[in-house]
Amino acid sequence: MSDPKNQHIIPQCYLKQFVDPKTPTGYEPHVWIFEREAKQGKKKAPKNILAETDFYTLKGDYVIEKTLAQIESDYALIFEKKIKKRIPLEPYEHLVFCAFVAAMLQRTLKQKENIENFMDQVIGHAKQMEMAHGVPPKTSIEWEKEKEDAHKLSVIQMIPEITKILYKMNLAFLCASSRASFITSDSPAFLFNSQLQFQRFYGPGLGQKHVEVRMPLSPEISVDFSWINNLRGYIGISEDMVHDLNRMVYGYSHQYFIANSEKLKRKWFRRLPLDPVFLWRYLKNEIRIRASKFRNRKYYVRNKKTK
């Protein structure tokens, strides 16, 4: 068997669930992949998108790619036999499913860039300290070497830890109505905390009481992990809720979003949901922020005059 050098950032077993059901007989099944900013779509076979050479290869070793391939294979079987048919998972199947979602949180290009951007900041601080103290650039060089494989190592190191947390959370499968379909993206799994929407300092974390982990699995089913006690099992949701979840999927995408149809909905691209309660909370928060800035500006001007 040849070495698996062409490595999918988003696995084919996942993407194939989003193929266009109207693909003509005799033609290769395809998804519609759209550029995030241009919103221009192209028909592409799952095997031909979101892949890079040696994306997970670690010093010539393919252990990460092979580990991911095994998780994907196990997940694909569970999805077809259980999730697609809306059958409850057995404990081992639940664990495998958690491992798959954990991998999807870590394996993407977006996560790679997040890790590397953080390490660039660390390297920059190290260089400043070395210059300030007049010492050789030893620490910064060490961090630059660490950066080369930081994402690859985080994939293999973090999957077990995230899997343990997801397994403890409540598991719900949100099922779309026949009139709407879920879309996905090049960063399909994401964390969301409704209590952090009106501040800019803290991001969502798995240990937070109100955090949720969301990911579309197919045009018909999306998963939601949470600490909410009554959110379990297979749950039917309205057409509006599907479109709102698609809005979030688009919002968390990196460079591309993917659908099983070339038809787009304007609702997916709105910055805010059309929810009167949310809009009222958002407006109140904006007024509070602007009032605080105005008070601070007045305080600064007054103090400047007294000096």
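Residues numbered from 1 in each chain as written. Predicted model: local features only at pLDDT ≥ 70, side-chain atom pairs only at ≥ 80, totals over all residues. Heavy atoms only, no water.

Caption draft 1: Representation of the pairing of strand E5 (residues 170–175) in the model. Of all six residues that make up E5, six are buried, and the element is covered over most of its length. Of the two faces of E5, the one holding Asn 170, Ala 172 and Leu 174 and the one holding Leu 171, Phe 173 and Cys 175 are both buried throughout. Pairing analysis gives six bridges linking E5 to strand E9 (residues 221–226), with the strands arranged antiparallel. Within the sheet, the bridge partner assigned to Leu 171 lies in E9 and is Phe 225. Here E5 pairs with strand E10 (residues 233–236) via four bridges, running parallel. Each residue of the ladder has a partner; that of Ala 172, found in E10, is Gly 233. (Buried < 20%, exposed > 50% of the residue type's maximum accessible area, 1.4 Å probe, protein only. Helix = DSSP H or I, 4+ residues; strand = E, 2+ residues; numbered from the N terminus. Pairing = 2+ DSSP bridges.)

Caption draft 2: How the structure looks around the sheet that holds strand E8 (residues 211–216). Within the open sheet, the five strands sit side by side as E7-E8-E9-E5-E10. Their pairing is mixed. What marks the edges here is a single partner per strand, and that holds for strand E7 (190–193) and E10. When strand polarity is set aside, the average angle formed by the axes of neighbouring strands in this sheet is 30°. Summarising the sheet, E8 and E9 pair through five bridges and their orientation is antiparallel. Residue Arg 214 lies in a different strand from E9, and its bridge partner there is Asp 224. Against the sheet, helix H7 (residues 239–252) engages E5, E7 and E8, with an angle of about 120° to E7. (Axes fitted to C-alpha atoms, helices over the stretch in contact; angles between N-to-C directions. Contact = heavy atoms within 4.5 Å.)

Caption draft 3: The side chain of Arg 36, seen in detail. In this fold, Arg 36 is placed in the loop between strand E2 (31–35) and strand E3 (41–44). By relative accessible area, Arg 36 is classed as buried at 17%. At a separation of 2.4 Å, a polar atom in the side chain of Arg 36 contacts the main-chain carbonyl oxygen of Tyr 250. A polar contact is formed between the side chain of Arg 36 and the side chain of Ser 253, at a distance of 2.9 Å. Leaving out residues up to four positions away in the same chain, Arg 36 has contacts with Tyr 250, Gly 251, Ser 253, His 254, Gln 255, Tyr 256 and Phe 257. (Polar contact = N/O pair within 3.5 Å; in protein donor to acceptor, adjacent residues only side chain to side chain.)

Caption draft 4: Fine view of the packing of helix H2 (residues 63–83) against helix H3 (residues 91–106). Relative to each other, H2 and H3 sit at 125°, their axes nearing to 9 Å. Classified by the interaxial angle, the pair formed by H2 and H3 is oblique. Between H2 and H3 lies a crossing whose hand is left-handed. Contacts between H2 and H3 involve Leu 68, Ile 71, Glu 72, Asp 74, Tyr 75, Ile 78, Lys 82 and Ile 83 from the first element and Tyr 92, Glu 93, Val 96, Phe 97, Ala 99, Phe 100 and Ala 103 from the second. Along the lines of polarity and charge, the residues of the contact of H2 with H3 split into 11 nonpolar, no polar and four charged. (Parallel < 35°, antiparallel > 145°, perpendicular 65-115°, else oblique. Left-handed = near helix turned anticlockwise from the far one by under 90°. Nonpolar A, V, L, I, M, F, W, Y, C, P; charged D, E, K, R; others polar.)

None of this, on its own, says anything about what the molecule does.
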